[in-house]
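# Topology and contacts: notes
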Amino acid sequence: MKAIRRFTVRPVLPEPLRPLSDLARNLRWSWHAETRELFQSVDPEGWQAAGGDPVRLLGAVPAARLGDLAQDRRFLRRLTAAADDLDDYLRGNRWYQAQEAAGDELPNAIAYFSPEFGITAALPQYSGGLGILAGDHLKAASDLGAPLIGVGLLYRHGYFRQSLSRDGWQQEHYPVLDPNELPVSLLREDDGTPSRVSLALPGGRSLRAHIWQARVGRVPLLLLDSDVEDNDPGERDVTDRLYGGGSEHRLLQEMLLGIGGVRAVRTYCRLTGHPAPEVFHTNEGHAGFLGLERIRELSGEGLDFDSALEAVRAGTVFTTHTPVPAGIDRFDRELVAHHFGEDGELPGVDVERILQLGMETYPGGEPNLFNMAVMGLRLAQRANGVSTLHGAVSREMFAGLWPGFDPAEVPITSVTNGVHAPTWVAPEVFRLGARQIGAGRAEDALTVGGSKRWDAVADIADAEIWDVRRVLREQLVYEVRDRLRASWRQRGAGSAELGWIDGVLDPDILTIGFARRVPSYKRLTLMLRDKDRLMDLLLHPTRPVQIVVAGKAHPADDGGKRLVRELVRFADDPRVRHRIVFLPDYGMAMAQKLYPGCDVWLNNPLRPLEACGTSGMKAALNGCLNLSVLDGWWDEWFGPDYGWAIPTADAAGTDEDRRDDLEAHALYELIEQRVAPRFYDRGDSGLPGRWIEMVRQTLASLGPKLLAGRMVREYVERLYAPAARAHRALDPDTARELAGWKARVRGAWPRVAVDHVEALAATAVNGTAELGSTLALRVRVALDGLQPEDVEVQAVAGRVDSADHITDAQTFPLKPAGGPDLEGRWLYEGPLALDRTGPFGYTVRILPAHPLLATSADLGLVAVPSETTGEAAGVLMR
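Worth saying up front: this structure is predicted, and the values here are computed from it rather than measured. (Residues numbered from 1 in each chain as written. Predicted model: local features only at pLDDT ≥ 70, side-chain atom pairs only at ≥ 80, totals over all residues. Heavy atoms only, no water.)

### Details of the pairing of strand E4 (residues 170–173)
A regular strand places its side chains so that they alternate between the two faces of the sheet. So the rule is basically this: At least two bridges found by DSSP between two strands are what make those strands a pair. Under the scheme used here, helices are H or I runs from DSSP no shorter than 4 residues and strands are E runs no shorter than 2 residues, and both carry numbers assigned from the N terminus.
Note that strand E3 (residues 161–164) and E4 share four bridges and pair antiparallel. Looking at the pairing, arginine 161 lines up with histidine 173 of E4. Here E3 hands over to E4 after five residues, with glycine 168 in that stretch at a positive phi of 90°.

### What about the pattern of salt bridges?
Filter applied, for reference: A pairing counts as a salt bridge when a side-chain nitrogen of Lys or Arg comes within 4 Å of a carboxyl oxygen of Asp or Glu. For each residue, the accessible area found with a 1.4 Å probe, counting protein chains only, is set against the maximum for its type, and the residue is called buried under 20%, exposed over 50%, and partly exposed in between.
Enumeration according to the criterion identifies 59 salt bridges in this entry. The shortest N-O distance in the salt bridge between glutamate 693 and arginine 696 comes to 2.8 Å. Of the two residues, glutamate 693 and arginine 696 both sit in helix H28 (residues 689–702), three residues apart, roughly one turn of that helix. For aspartate 784, the salt bridge goes to arginine 751, with nearest N and O atoms at 2.8 Å. Residue aspartate 784 is located in the loop between strand E23 (774–782) and strand E24 (791–800), and its partner arginine 751 is located in the loop between helix H30 (732–748) and strand E21 (753–759); the two are separated by 33 residues in the primary sequence. Using a relative accessible area of 35% as the deciding quantity, one classes aspartate 784 as partly exposed. With relative accessibility at 47%, the residue arginine 751 sits in the partly exposed group. Within the structure, one salt-bridge network assembled from shared partners comprises Arg156, Asp225, Asp227 and Arg236.

### Focus: the side chain of serine 165
Stated formally: We call two residues in contact whenever any of their non-hydrogen atoms come within 4.5 Å of each other.
With respect to the helices, strands and loops of the structure, serine 165 is situated in the loop between E3 and E4. The buried category is assigned to serine 165, whose relative accessible area is 14%. If near-sequence neighbours (up to four positions away) are discounted, serine 165 is found in contact with Gln171 and Arg491.

### Thoughts on the nonpolar core
Our working definition: Definition of nonpolar core: a set of buried residues of the types Ala, Val, Leu, Ile, Met, Phe, Trp, Tyr and Cys, connected through side-chain atoms within 4.5 Å.
Ranked by internal contacts, the top residues of the largest apolar core, which has 105 residues, are Leu510, Met527, Ile547, Leu627, Trp644 and Trp691. The residues contacting leucine 510, other than those within four sequence positions of it, are Pro544, Val545, Gln546, Asp599, Val600, Val675, Ala676, Phe679, Tyr680 and Trp691. Listed in part, the 58 residues of the second largest apolar core include Leu130, Leu153, Phe305 and Ala308.

### Overview of the environment of isoleucine 547
Its place among the elements puts isoleucine 547 in strand E16 (residues 545–550). Under the relative-accessibility criterion, isoleucine 547 is labelled buried at 4%. The contact partners of isoleucine 547, leaving out residues within four places of it in the chain, are Ile512, Met527, Leu534, Leu538, Arg579, Ile580 and Val581.

### Focus on helix H10 (residues 247–272)
We apply this condition: What a helix is expected to span follows from its residue count: subtract one and scale by 1.5 Å. At any given residue, the bend is defined as the angle formed between two axes, one fitted to the seven residues that end at that position and one fitted to the seven that begin there.
Here H10 spans 36 Å end to end across 26 residues, near enough to the 38 Å set by a 1.5 Å rise per residue. At glycine 260, H10 is deflected by roughly 35°, the largest bend along its length. For H10, the tally of buried residues reaches 20 of 26 residues, placing the bulk of the element in the interior. A positive backbone phi angle near 80° is found at glycine 273, which sits one or two residues after H10.

### Details of the packing of aromatic side chains
The test is simple: Stacked, edge-to-face and tilted labels apply to pairs of Phe, Tyr and Trp rings (six-membered ring for Trp) whose centres lie within 6.5 Å, assigned for plane angles under 30 degrees, over 60, and everything in between, in that order. Remark: a charge is flagged as sitting over a ring if the NZ atom of Lys or the CZ atom of Arg is within 6 Å of the ring centre and within 35 degrees of the ring normal.
Inspection of the entire model under this criterion finds 18 aromatic pairs. Geometrically, the ring pair formed by tryptophan 424 and tyrosine 595 is edge-to-face, given 5.7 Å between the ring centres and 70° between the ring planes. One end of the pair, tryptophan 424, is in helix H17 (residues 421–424); the other, tyrosine 595, is in helix H24 (residues 588–597), and 171 residues separate them in sequence. Note on tryptophan 424: relative accessible area 2%, which makes it buried. Measuring from centroid to centroid gives 6.0 Å for tryptophan 488 and tryptophan 500, while their planes differ by 85°, and the two rings are edge-to-face. Residue tryptophan 488 is found in helix H21 (residues 462–490), and its partner tryptophan 500 is found in the loop between H21 and strand E15 (510–515); the two are separated by 12 residues along the sequence. One cation-aromatic arrangement involves arginine 516 over phenylalanine 514; the distance from NZ or CZ to the ring centre is 4.6 Å.

### Re unusual backbone geometry
Across the chain, the bulk of peptide bonds are trans and the bulk of non-glycine residues have phi less than zero. Here the amide bond leading from arginine 607 into proline 608 is cis, since omega sits at 5°, within 30 degrees of zero. Tracing the sequence through the fold places proline 608 in the loop between strand E18 (600–603) and helix H25 (614–620). Look at the link from glycine 819 to proline 820: it is a cis peptide, with omega at -5°. Looking at where proline 820 falls in the secondary structure, it is placed in the loop between strand E25 (806–818) and strand E26 (825–833). Residues other than glycine seldom take positive phi values, yet tyrosine 243 does so here, at roughly 55°. Along the polypeptide, tyrosine 243 turns up in the loop between helix H9 (233–236) and H10.

### A few points about the state of the cysteines
Let me state the cut-off plainly: By disulfide we mean two sulfur atoms from cysteines, separated by a distance within 2.5 Å.
Across all of its chains, the model carries zero disulfides by this definition. Here cysteine 598 stays unpaired: no disulfide links it, and the sulfur of cysteine 624, its closest cysteine neighbor, is 5.7 Å away.

### Some remarks on the packing of H21 against H24
Formally: In this analysis, axes come from line fits to C-alpha atoms, helices being fitted only over the stretch in contact, and the angle between any two N-to-C directions falls in the range 0 to 180 degrees. Working rule for angles: under 35 degrees goes down as roughly parallel, over 145 as roughly antiparallel, 65 to 115 as roughly perpendicular, anything else as oblique. Whether a crossing is left-handed or right-handed is set by the direction in which the near helix is turned from the far one by less than a right angle, anticlockwise for left-handed and clockwise for right-handed. Gly counts as polar in this scheme, as do all residues outside two lists: the nonpolar Ala, Val, Leu, Ile, Met, Phe, Trp, Tyr, Cys and Pro, and the charged Asp, Glu, Lys and Arg.
Where H21 meets H24, the axes come as close as 8 Å, and the angle between the chain directions of the two elements is 140°. In terms of axis orientation, H21 runs oblique to H24. H21 and H24 meet at a crossing whose hand is left-handed. Side by side, H21 and H24 meet where Arg469, Leu472, Arg473, Gln475, Leu476, Glu479 and Arg483 of the first sit next to Ala589, Met590, Lys593, Leu594, Pro596 and Gly597 of the second. Its residues assigned to classes, the contact of H21 with H24 comprises six nonpolar, two polar and five charged.

### Let's talk about the confidence of the model for the protein chain
Quick note on the threshold: Each residue carries a pLDDT value, the predictor's own confidence for that position, ranging from 0 to 100.
Per-residue pLDDT for the protein chain averages 92, and the proportion of residues at 70 or more is 95%. Taken together, the stretch residues 871–878 has pLDDT below 50 and engages in 37 contacts with residues farther than four places along the chain or on a different chain.

### As for the side chain of serine 226
Heads up, the condition is: In the analysis that follows, any N or O atom pair within 3.5 Å is treated as a polar contact, provided that within protein one partner can donate a hydrogen and the other can accept it, and provided that, for residues neighboring in sequence, both atoms belong to side chains.
Tracing the backbone shows serine 226 in the loop between strand E8 (219–225) and H9. Of the polar contacts made by the side chain of serine 226, one reaches the backbone oxygen of arginine 236; its length is 3.0 Å. Sequence-distant contacts of serine 226, defined by excluding residues within four places in its chain, comprise Leu207, Arg208, Ala209, Asn231, Glu235, Arg236, Asp237, Val238, Thr239 and Leu256.

### Here's the deal with the environment of proline 14
Relative to the assigned elements, proline 14 resides in the segment before helix H1 (19–25). As for proline 14 and glycine 234, which are separated by 220 residues in sequence, their C-alpha atoms are 43 Å apart. Beyond its immediate sequence surroundings of up to four residues, proline 14 is in contact with Leu66 and Ala70.

Shown next as structure tokens:
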């Protein structure tokens, strides 16, 4: 019989065991080995059955066992030590507090918004790399003592669980998640009633949401849940599943995340006394509506829209994660307009102004589409991509928002992602280096520790490194067999058919891993371009290879599902099924075995469509070598000491088949000629010395760069701290002044012009000049009532290509030398040093200038000479 109502009965812990509840409710256990070991000792079989989830474990432990533990002095000593360590971790000063004590101006608090968070498999609120990155960001912030507040949604079905049909077609299942069985608790008002936020919907309806709180070490994570009895059925389902539903469903999710998220933060700060955030960080465009809610707040305090916009932009950071326009949420203009204004949300904010923030009103855009990333960029004074290459790709992709500027000057910087080592480094690897790296907290050794600690890996003996690598490979073999057996049973196979699984994989064979989402650009099936060649690699008589593959296609992506089926069918072939496997339901629990157990991590996206590729980072921190296309972080930090670069067939152009053929051939050649021989090349000691040295170099040289602690420190120093200073500088009067100045500049700009350019010192003879000489430039400009302090006049110079485009440009400020004349023109002068040989050119431009602008490109305004303006460009230096 089916129950008509479901609820959770919580255990009553004996008084001596009460600290177990605090330990279970703080997700620090997910990266703190000692706490996990403590829970495992409560009930080893129950720990396994609970999937390593302390909350589920405590809900299932028999009362008699709890009574025994309450009398077990050894257990109670371990419990006291773990509770004391957590208390010290939560209360003690850490890196952030040390920076403040040293005089750094840092934000009092930062609100970090993301549509998904991958903290632990016990809280399945993630789909892939974006969520895992967000989870690692919170964990590293906690380790560093940074005062973040995470904001997301609580999806009652999470992301889908993946299984396979008998013929290898992906099937989706959506589990029902009961928040009372998750490591979260309701945020409550002082009278005990659940706190909630509410959004107005058209037609007088409301979207209400409860606020669940997870503790991620020191960082609170607020998750909004629309499954509230007061909601109508449609509104209750808004937070049903991650990345599900149609366009309006997604819009409502993103309104709740952004607008409701700001209201949840305000509620949390009111109830707990937590400092109000000075900086708001939008992790991808999904949460972009948070800026509109903050504009509404300031409008209620007397600021007009433009002034409020300036105040909001000053304290907002936007991170883009997608290198392809198709990865951005875009909504019809009419749909967005329908949900805002007098009959919807933000009634005090002009709908047309809201729409202007997101419309693709630039060359190549779709004028009727509201683009969440475009809104995110227009609402943030600071923006970044997630690797150096991705920053460059993003500047190209969004260059239309800054017309007149070269992509290199588009104000989008980059902070290369990192991964949270205490979460992803296998205990065996951590223990291997513990003597050299030093004892103490894993958070300190792996997140805060400097490169000198990692250099100590050089002192670890070859035999120790190789023994650990084999242990991890063997663990992966057993994990794969268990998961493969479970998968085949789901596919309908009986036990009598599955005897072959006991021979799948071998702990002494070179093991390659490939696991990620399955959009077409990640090329799951590139390895299958020449199946006979792949079979030869897998079955080589002396240098065999084995491959473990995992990945999920989006439920609506039939093309991705066909790729999964193609791979599965190849892996089902009895000739090779002991050498290549596809594991369904890729997630954090699988990944934590997969990364350490592989010898090589494969990544073969279409360059440059991989924003970062953090799975390769996690593998590298476990001594796994990368074999990858030069994309994302690998483009930035590749070195032959750490792995191999797969050549890209750029000459193939738009011929995708030819490109795939060429790059697949290069992949086979690398494995056959370089990777496998190095793995199997054993010296007199029986050890692959050159391979082990690459493992050592990967840990010592790459390790410190790959850390989420490094990433969060960069965010603090390069983005959060400047944003906080800008926020503090823009009090209401200053915000009004800046908004008024921008309006005045925009009004005058159509008539701002470079009238004449001349080089007074005639050092160029017959189109050439000598290295080290100087041009003295004189420029007349029309400012249409603007003053010299409102603008910057620059010479821009550098090498020129065959079309006279300046490359590798440098800027030289020109100074006002007189004016205005009778026609209102100003004279500017300045030297231009000719400091490089070859074809060389220059031009002149005018930019807006104000001390509160983050960059000269902030307004997207630039005036350059017309083709008839004096000597607009021109010398050739040999």
